[in-house]
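Structural overview
Given next are the chains, with one letter for each unit.
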Amino acid sequence: MARFCYPAVLTPDDGGYAVNFPDLSGCYTCGDSLQEALMMAEDVLALTLTDMEDHHEAIPAPSDSRKVDASPDEVVTLVLADTDSYRKRMNSRAVKKTLTIPQWLNTAAEERGINFSQVLQEALKKELQTA
């Protein structure tokens, strides 16, 4: 899990842009504008690399963007992806956990109006050093 930077080829297509990553088979997307195409490119790159990490696939080294073949009407640009950030953004849904604490601790916490979920999340982040 890391940060990556890959060259992408943006090809004008019916008023929008098709996006292809030459180094990554099956990694392509499109957008109705240049801005949308670049946003979609970041997303599909992070998705592809996360999937490769999850399946323990070898991630190829990125090509030199100056050496990527492109026609005169195509744009070659670099796209960044942070798979850790992508995972956090995509996996932020809440899950229910059951835990056991002493009755006296439960009573004292409820009397003070403590939010158990918030305290547990903060403690886990601190323990995992991700806060």
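We now turn to the structure provided with this report. Remember, it's a predicted structure, so these values are computed and weren't measured experimentally. (Residues numbered from 1 in each chain as written. Predicted model: local features only at pLDDT ≥ 70, side-chain atom pairs only at ≥ 80, totals over all residues. Heavy atoms only, no water.)

Comments concerning the side chain of threonine 83
Put simply, the rule reads: Think of it this way: any DSSP run of H or I at least four residues long counts as a helix, any run of E at least two long counts as a strand, and we number them from the N terminus. Throughout this description, buried means an accessible area under 20% of the type-specific maximum (1.4 Å probe, protein chains only), exposed means over 50%, and partly exposed covers the range between. Within 3.5 Å is the distance limit for a polar contact, defined as a pair of N or O atoms, with the added protein rule that one can donate a hydrogen and the other accept it, and that residues adjacent in sequence qualify only through two side-chain atoms.
Examined against the element boundaries, threonine 83 turns out to sit in helix H2 (residues 83-90). Accessibility expressed as a relative area gives 0% for threonine 83, which makes it buried. In terms of polar contacts, threonine 83 uses its side chain to reach the backbone amide nitrogen of alanine 2, at 3.0 Å.

Comments concerning the nonpolar core
In plain terms, the rule: The criterion is simple. A nonpolar core is a set of buried Ala, Val, Leu, Ile, Met, Phe, Trp, Tyr and Cys residues joined through side-chain atoms within 4.5 Å. Any two residues whose heavy atoms approach within 4.5 Å at even a single point are treated as in contact.
Tyr6, Val19, Phe21, Leu24, Leu45 and Leu49 are the most contacted members of the largest nonpolar core, which totals 18 residues. Those elements giving two or more residues to this core turn out to be strand E1 (3-13), helix H1 (34-54) and strand E4 (75-82). Apart from the residues lying within four places of it in its own chain, the contact partners of leucine 24 are Tyr6, Leu45, Leu49, Met52 and Pro60.

Thoughts on H2
Note the threshold: Think of the arc as the fan of directions from the helix axis to the C-beta atoms.
For H2, the full list of buried residues reads Thr83, Tyr86 and Arg87. The buried side chains of H2 occupy one side of the element, clustering within an arc of 100° when seen end-on. Regarding H2, its N-cap is aspartate 82, as a side-chain oxygen of that residue lies 3.0 Å from the backbone nitrogen of aspartate 84 further along.

A few points about the pairing of strand E3 (residues 28-31)
As a reminder, the rule being used: Paired strands are those between which DSSP finds at least two bridges.
The two faces of E3 differ: Thr29 and Gly31 on one face are buried, but Tyr28 and Cys30 on the other face are not. Relative to E3, strand E2 (residues 16-20) runs antiparallel, the two sharing four bridges. Paired with tyrosine 17 across the strands is glycine 31, a residue of E3.

All we've got here are geometric facts, nothing functional implied.
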